[in-house]
Amino acid sequence: MWYRHDEYFYRTKNKKYALIISEEYSFEYLQHFEDLCINIRIINMFIKKGQLLQNSIKNIISDFFIEKMVNFFKKVLYCKNNISNVEELYVRLEQNIKEISSMRKIIDICCEYNEIEIFNNLIIVQKNIDFCDELIKNCYSKIELDIVKWVTRGEISNYFFIKENNLNSLNIENCFWKHKYVIEDNQIPVNLTSDAKTILNCGKLLSLCKILKFEMKINENFLTERGLYGLFSYINSMTLTYIKDNIKQELKILQNYVLMNDMSFFNDLFIDLYNDKSFNISNDFSLASEENINFIYKINTFKKLNI
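This is a predicted model, so every value here is computed, not measured.

Procedures and definitions
Residues numbered from 1 in each chain as written. Predicted model: local features only at pLDDT ≥ 70, side-chain atom pairs only at ≥ 80, totals over all residues. Heavy atoms only, no water. Helix = DSSP H or I, 4+ residues; strand = E, 2+ residues; numbered from the N terminus. Contact = heavy atoms within 4.5 Å. Core = buried A, V, L, I, M, F, W, Y, C linked by side-chain atoms within 4.5 Å. Buried < 20%, exposed > 50% of the residue type's maximum accessible area, 1.4 Å probe, protein only. Salt bridge = Lys/Arg side-chain N within 4 Å of Asp/Glu carboxyl O. Phe/Tyr/Trp six-rings, centres within 6.5 Å; stacked < 30°, edge-to-face > 60°. Patch = residues over 30% accessible without salt bridge, like charges linked within 9 Å, V, L, I, M, F, W, Y side chains within 5 Å. Areas by Shrake-Rupley, 256 points an atom, 1.4 Å probe, with all protein chains shown as cover. Axes fitted to C-alpha atoms, helices over the stretch in contact; angles between N-to-C directions. Parallel < 35°, antiparallel > 145°, perpendicular 65-115°, else oblique. Left-handed = near helix turned anticlockwise from the far one by under 90°. Nonpolar A, V, L, I, M, F, W, Y, C, P; charged D, E, K, R; others polar. Lys, Arg positive; Asp, Glu negative; His and termini not counted. Charge placed at Lys NZ, Arg CZ, Asp CG, Glu CD. Bend = angle between axes of the 7 residues up to and from the residue. Polar contact = N/O pair within 3.5 Å; in protein donor to acceptor, adjacent residues only side chain to side chain. Expected span 1.5 Å × (residues − 1).

Chemist: Lay out the side chain of Ser102 with the relevant residues and their values.
Modeler: Take Ser102: it is sitting in helix H4 (residues 86-112). Apart from residues no more than four positions distant in its own chain, Ser102 is found in contact with Ile129 and Phe131.

Below, the structure is given as structure tokens:
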């Protein structure tokens, strides 16, 4: 069925949804309520899908919309019981109609963009939507938690602007630390453009420490107290100190072995060879060969050393 007004029929004949009202209501309000009904339907579908996307900006937006829609329907219920004409109903709901129209615009952004891009576009439309400040704050809280997780534990969350490539940590020759963790194009929050590189490097260093079996415990309050650059300075200093100390130790061990200051390595090696009955010391497989007799003599000599 269509509303019998010829003009309205012409405007709605190609629409998927159209509002049908009685002739007794003023035609001038019809378009507003029709748009409202369609937008509510679209918002409802978005909320259902958004609830399935845990720990995402779309999920945060859908939660935000739920609260808005609950308040709206409470108001509609009040109007149903207390208002008898469409003109007054429109006046009472005018602000809500505009708000729901803005929610529809945000859904259009969510359909076109992904996660951080949604956040960046919310900032662009911020001035034109009254409730956008609160929504941006909620979305940034999620981004902030992801950043804290990365810069204090070296862990990447879902929908983060830093991604991990599947590279072998042993294959350092292929620029492992350059390509293992990278910032995704067009995914940097606009308010973090200047800090993105530092955020990336904090997590990179922590990941390096994990591979080196060096556990660096960082309290999340550390970031609040020292700031991002203070945190990076600390992580960088601790990592370099750990690596430097380990290199010193390795060089000391190497020096002792090479300069024969420490014979334990060679002693252990010869003992293992001597005790291994399946090990053929000489190419001629004869323990009685002159070559092997000399070799065994050397082993026994090392065994007599008081090392």
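Chemist: Could you give me a rundown of the environment of Leu212, with the residues and numbers involved?
Modeler: By secondary structure assignment, the location of Leu212 is in the loop between helix H8 (196-211) and helix H9 (220-258). Between the alpha carbons of Leu212 and Ile243 there is a distance of 8.7 Å; along the sequence they are 31 residues apart. Excluding residues within four positions of it along the chain, Leu212 makes contact with Tyr242 and Ile243.

Chemist: Talk me through the nonpolar core; I want residue IDs and the actual numbers.
Modeler: Counting residues in each nonpolar core, the largest one holds 61 residues, and the members touching the most others are Ile61, Phe65, Ile106, Leu122, Val151 and Ile199. Residue assignment for this core shows that the elements contributing at least two residues are helix H2 (30-50), helix H3 (57-82), H4, helix H5 (115-124), helix H6 (132-153), H8 and H9. In this structure Ile61 touches Phe46, Ile106, Cys110, Ile118, Leu122, Leu135 and Cys139, once residues within four positions along its chain are discounted.

Chemist: How would you sum up the pattern of salt bridges? Please name residues and give values.
Modeler: One pass over the full model with this rule turns up six salt bridges. Across the salt bridge formed by Glu164 and Lys180, the nearest N and O atoms sit 3.3 Å from each other. Highlighted residues: Glu164 in strand E1 (residues 162-164) and Lys180 in the loop between helix H7 (176-179) and strand E2 (181-183), separated in sequence by 16 residues.

Chemist: With reference to specific residues and values, describe the packing of aromatic side chains.
Modeler: Here the distance between the centres and the angle between the planes together describe a pair of aromatic rings. One pass over the full model with this rule turns up ten aromatic pairs. Note on Phe33 and Tyr90: the rings are 6.2 Å apart at their centroids and 75 degrees apart in plane angle, and the pair reads as edge-to-face. Of this pair, Phe33 sits in helix H2 while Tyr90 sits in helix H4, and the two are 57 residues apart along the sequence. With respect to class, Phe33 is no different from Tyr90; both count as buried. Ring-pair connections join several aromatic residues into one group, and the members of that group are Phe46, Phe64, Phe65 and Phe131.

Chemist: Which residues make up a nonpolar patch on the surface, and what are the values?
Modeler: A grouping of Leu52, Leu53 and Tyr159 is seen on the molecular surface, where their side chains present a nonpolar patch of about 300 Å² in accessible area. Among the structural elements, Tyr159 can be located in the loop between H6 and E1. Judged by relative accessible area, Tyr159 falls into the partly exposed class, the value being 37%.

Chemist: Please give an account of the packing of H2 against H4 that cites residues and values.
Modeler: The geometry of H2 relative to H4 is characterised by a closest axis approach of 9 Å and an angle of 40 degrees between their N-to-C directions. Classified by the angle between their axes, H2 and H4 sit oblique to one another. Crossing handedness for the pair H2 and H4: left-handed. Across from His32, Phe33, Leu36, Ile38, Asn39, Ile40, Ile42, Ile43 and Phe46 in H2, the residues of H4 making contact are Val86, Leu89, Tyr90, Leu93, Ile97, Ile100, Ser101, Met103, Arg104, Ile107 and Cys110. Broken down by class, the residue content of the contact of H2 with H4 amounts to 16 nonpolar, three polar and one charged.

Chemist: Go over a negative patch on the surface with me, naming the residues and quoting the values.
Modeler: Taken together, the side chains of Glu67, Asp130, Asp133 and Glu134 make up a negatively charged region of the molecular surface. Tracing the chain through its elements places Glu134 in helix H6.

Chemist: Could you give an account of H4, naming the residues involved and the relevant values?
Modeler: A bend of about 55 degrees at Leu93 is the largest found in H4. Taken together, the buried positions of H4 are Val86, Tyr90, Leu93, Asn96, Ile97, Ile100, Ser102, Met103, Ile106, Ile107, Ile109 and Cys110. Residues of H4 that are buried sit in contact with H2, H3, H5 and H6. At the N-terminal end of H4, a side-chain oxygen is found 3.3 Å from the backbone nitrogen of Glu87, two or three residues along, and the residue is Asn85.

Chemist: Please give an account of H8 that cites residues and values.
Modeler: In this model H8 runs 23 Å from its N-terminal to its C-terminal C-alpha over 16 residues, within 8% of the 22 Å that 1.5 Å per residue would give. Counted residue by residue, H8 has twelve buried out of 16 residues, so it is predominantly covered. For H8, the complete set of buried residues consists of Ala196, Thr198, Ile199, Leu200, Cys202, Gly203, Lys204, Leu205, Leu206, Ser207, Leu208 and Cys209. Positive backbone phi, at 65 degrees, marks Lys213, one or two positions downstream of H8.

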